[in-house]
Amino acid sequence: MKNPYEDIFEPEEIHVPRGIGRVALVVFLLVCTIPPLWRNAAELFDGDEATVAPVEMALTGKDLREGNLTARLRELEGKIEDAAFTDLPRRSLQELMTDSIGQGNVKTLIGDDGWLFLRPAVRAMTSTGPLDPPALGVASDPNLKKWRRALPAILQFGEDLKERGVELLFVPIPVKPMIYPEMIAGESLADGPLRHPDQQEFYAKLREAGIGVVDLVDPLWKMKKDGDVYMKQDTHWRPRAMERVAEILAEEVKSRSWFAEVEADSPKFEVVESEREHIGDLVEQLGLPEGSELYSPEGVVVRRVLDKETGEPVKSDEGAEVVLLGDSFTNIFHDASIGFGENAEEEAKPIGAGLAQHLASKLGSAIDVIARNGSASTAVRKDFARRFDDEVRAKKIVIWTVAARDVLYTPKLGTGNEVVWEDVVWNPLQKPESTEKPGLGDGEILVEATLSKDGKGPIGDPKSVPYQDAIFEMIWESAEAIEGEGLSELDGQIVVKSWGFKKKEMTAASRIEEGKRYRFRVQLADAVDGVSTAQGKPLGRLENDFSLIGLDFYFAEEFEEVE
């Protein structure tokens, strides 16, 4: 029987002349020996330990018993990569390898004609697939055995929505290897799009359960004859492909009998073209030296969807009957922090040219949008499930867009790329009659509070995701307003968001400690641009503790420990 998961890409063969091999060996030995010698010399002569990043961590028997060995080793690897003595040699060696032999790294695969691909997405296309789990032995990482596959989570979410009278439309976004396989494997795969052997059966199982599925592979493949569909140096699609998908989704929604009754009282739309450019997240993940000239920014023409009256990008409307859940494929061309902002100063301001804005424009009505970069598999559903029960039941349809690679990942690829598939806990509470909250507007208040035990949400590894910024959430107790008014609290508890890392650098906020008391200034998170779309994982305790549902979410950046 032929292996259905046989690798469809030709194996790479690299032939290196003997002379070049010797030079490479010498360079390798220098890279291994010079950095630690340099570090020791710096410590000996400068006596300034602050200039040298320490690499200290002990592995314990407890790590082995609790199955934390892999995580601890990754932590150690991260500490080594962050050390000052490894950064420049690593980046310089990567530039040399990329320029001389076209070698990428664990995240970026270099294809033909300047095309770059997300390596985990390519591996997902040739892995065992979403239906039959791979055999895991007794020596396998315990975390792999705990990892849940996509199908049960999607089916359960569809059933949960059906019980509440809401339709689910599942939209797997094709990844670049599906549309451009010939740029990896050559002309042998140029005749049609690439699909994983399990894809069609996977979608069929969803449809059998009453979940609508929009397969975008063929429409995007057909667009290739008129121009590029995806960017060469970025994971994401080009604006023309994204707008075509918005049209397809709008047609789906408009075909529902209830759509004729949707009130089109949303703002009048105005579409304005704007030229933007960005180096691409796949180039960023190569980790080349700052100022490297191997790649130039890639330009696009985006069409911004603006409110005619205000001139601002169209905003999400929580009262809309159409909900869009998504990730960076939704946020690209809207969230400037992941690229295509006009300049560094504009990163916090929304662009307004993303999938959600164009879908609203083609529907002629505002929509409800929950989109988190890198978190479409679970986090966005949990955000939606926290809504009041009557608010959820008032919806007509949930359009859930997910990068198709997330569906296809094996446990190893899924855990390695921080993709999880979990069921959500639905908020059973009804919306209170009085929704008036003591808002802060654009103002701030000074707060003193203690970070709860287990109250600090997880922060992702900036090296494992293609995003510059990430947020995390914290629960604070014994909160007091020192200056200002308008603090909404429940038994002295408040929920605060902050940046875990910015521009791939961990923040001071990421290092605050549980059980300690701090003083900080907060404002409502909804008033801070970029916070709602930045990648981040929701706090586990919040997902099940509905006593906290009534709390406002605040945002803070600087924390001062109180003695």
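Okay, so let's go over this structure. Computed from a predicted structure; not experimentally measured. (Residues numbered from 1 in each chain as written. Predicted model: local features only at pLDDT ≥ 70, side-chain atom pairs only at ≥ 80, totals over all residues. Heavy atoms only, no water.)

The next subject is the nonpolar core. Of all hydrophobic cores here, the largest spans 105 residues; its most connected members are Phe157, Tyr230, Trp237, Phe333, Phe384, Trp400 and Trp421. Ranked by the residues each element gives to this core, the list is headed by helix H12 (residues 239-254), at eight residues. Not counting residues within four places of it along the chain, the set of residues in contact with Phe333 comprises Met231, Trp237, Arg238, Pro239, Met242, Val300, Val302, Phe340, Ile351, Gly352, Ala353 and Gly354. Membership of the second largest hydrophobic core comes to 20 residues, among which are Ile445, Trp476, Ala479 and Phe520. (Core = buried A, V, L, I, M, F, W, Y, C linked by side-chain atoms within 4.5 Å. Buried < 20%, exposed > 50% of the residue type's maximum accessible area, 1.4 Å probe, protein only. Helix = DSSP H or I, 4+ residues; strand = E, 2+ residues; numbered from the N terminus. Contact = heavy atoms within 4.5 Å.)

A few words now on the pattern of salt bridges. One pass over the full model with this rule turns up 26 salt bridges. Across the salt bridge formed by Arg521 and Glu483, the nearest N and O atoms sit 3.2 Å from each other. Of this pair, Arg521 sits in strand E14 (residues 517-524) while Glu483 sits in strand E11 (residues 470-483); the two residues are 38 residues apart in sequence, bridging distant segments of the chain. Take Arg521: its relative accessible area is 39%, and that puts it in the partly exposed class. Three or more residues joined by partner-sharing salt bridges are found here, namely Arg372, Asp383, Arg386 and Glu473. (Salt bridge = Lys/Arg side-chain N within 4 Å of Asp/Glu carboxyl O.)

Read across the open sheet, the five strands follow the order E4-E3-E9-E7-E8; overall the sheet is parallel. Unpaired on one side and paired on the other, strand E4 (212-213) and strand E8 (368-371) mark the two borders of the sheet. The pairing of strand E7 (residues 322-326) with E8 spans four bridges and is classified as parallel. Across the sheet, residue Leu324 finds its bridge partner in E8, namely Val369. Along the sheet face, helix H7 (residues 150-163) touches strand E3 (167-173), E7 and strand E9 (397-403) and points at about 150 degrees away from the line of E3. Its contacts with the sheet put helix H15 (residues 355-363) on E7, E8 and E9, and the angle it makes with E7 is roughly 160 degrees. (Pairing = 2+ DSSP bridges. Axes fitted to C-alpha atoms, helices over the stretch in contact; angles between N-to-C directions.)

Before going further, it helps to examine H12. The end-to-end C-alpha distance of H12 is 22 Å, a good match for the 22 Å that 16 residues give at a rise of 1.5 Å each. What H12 keeps buried is the set Pro239, Ala241, Met242, Glu243, Val245, Ala246, Ile248, Leu249, Ala250 and Val253. Close packing links the buried residues of H12 with E3, helix H11 (217-223), strand E6 (298-307), E7, H15 and E9. (Expected span 1.5 Å × (residues − 1).)

Moving on, we come to the packing of H12 against H15. Axis separation between H12 and H15 bottoms out at 9 Å; the angle between their running directions is 45 degrees. If you check the angle between H12 and H15, you find them oblique. Pair H12 / H15 crosses with right-handed handedness. Contact with H12, carried on its side by Met242, Glu243, Val245, Ala246, Glu247, Leu249, Ala250, Val253 and Lys254, involves Leu355, His358, Leu359, Lys362 and Leu363 of H15 and no other residues of that element. (Parallel < 35°, antiparallel > 145°, perpendicular 65-115°, else oblique. Left-handed = near helix turned anticlockwise from the far one by under 90°.)

With that out of the way, let us pick up the packing of aromatic side chains. Scanning the entire structure with this criterion turns up 15 aromatic pairs. Between Phe157 and Trp426, the aromatic rings sit 5.8 Å apart at their centres with planes inclined by 10 degrees, giving stacked as the arrangement. Here Trp426 lies in the loop between helix H19 (411-416) and strand E10 (445-456) and Phe157 lies in helix H7, a separation of 269 residues in the sequence. Look at Phe157 and you get buried, because its relative accessible area is 1%. Overall, the relative accessible area of 11% leaves Trp426 in the buried class. On the numbers, 4.9 Å between centres and 50 degrees between planes, the contact of Phe520 with Phe559 is tilted. Taken as a pair, Phe520 in strand E14 and Phe559 in strand E17 (residues 559-561) lie far apart in primary sequence, 39 residues in all. (Phe/Tyr/Trp six-rings, centres within 6.5 Å; stacked < 30°, edge-to-face > 60°.)

Following the sequence through the fold, Lys205 ends up in helix H10 (residues 199-208). Judged by its relative accessible area of 31%, Lys205 is partly exposed. Between the C-alpha atom of Lys205 and that of Leu151, which follows or precedes it by 54 residues, the distance is 8.5 Å. The contact partners of Lys205, leaving out residues within four places of it in the chain, are Leu131, Leu151 and Leu155.

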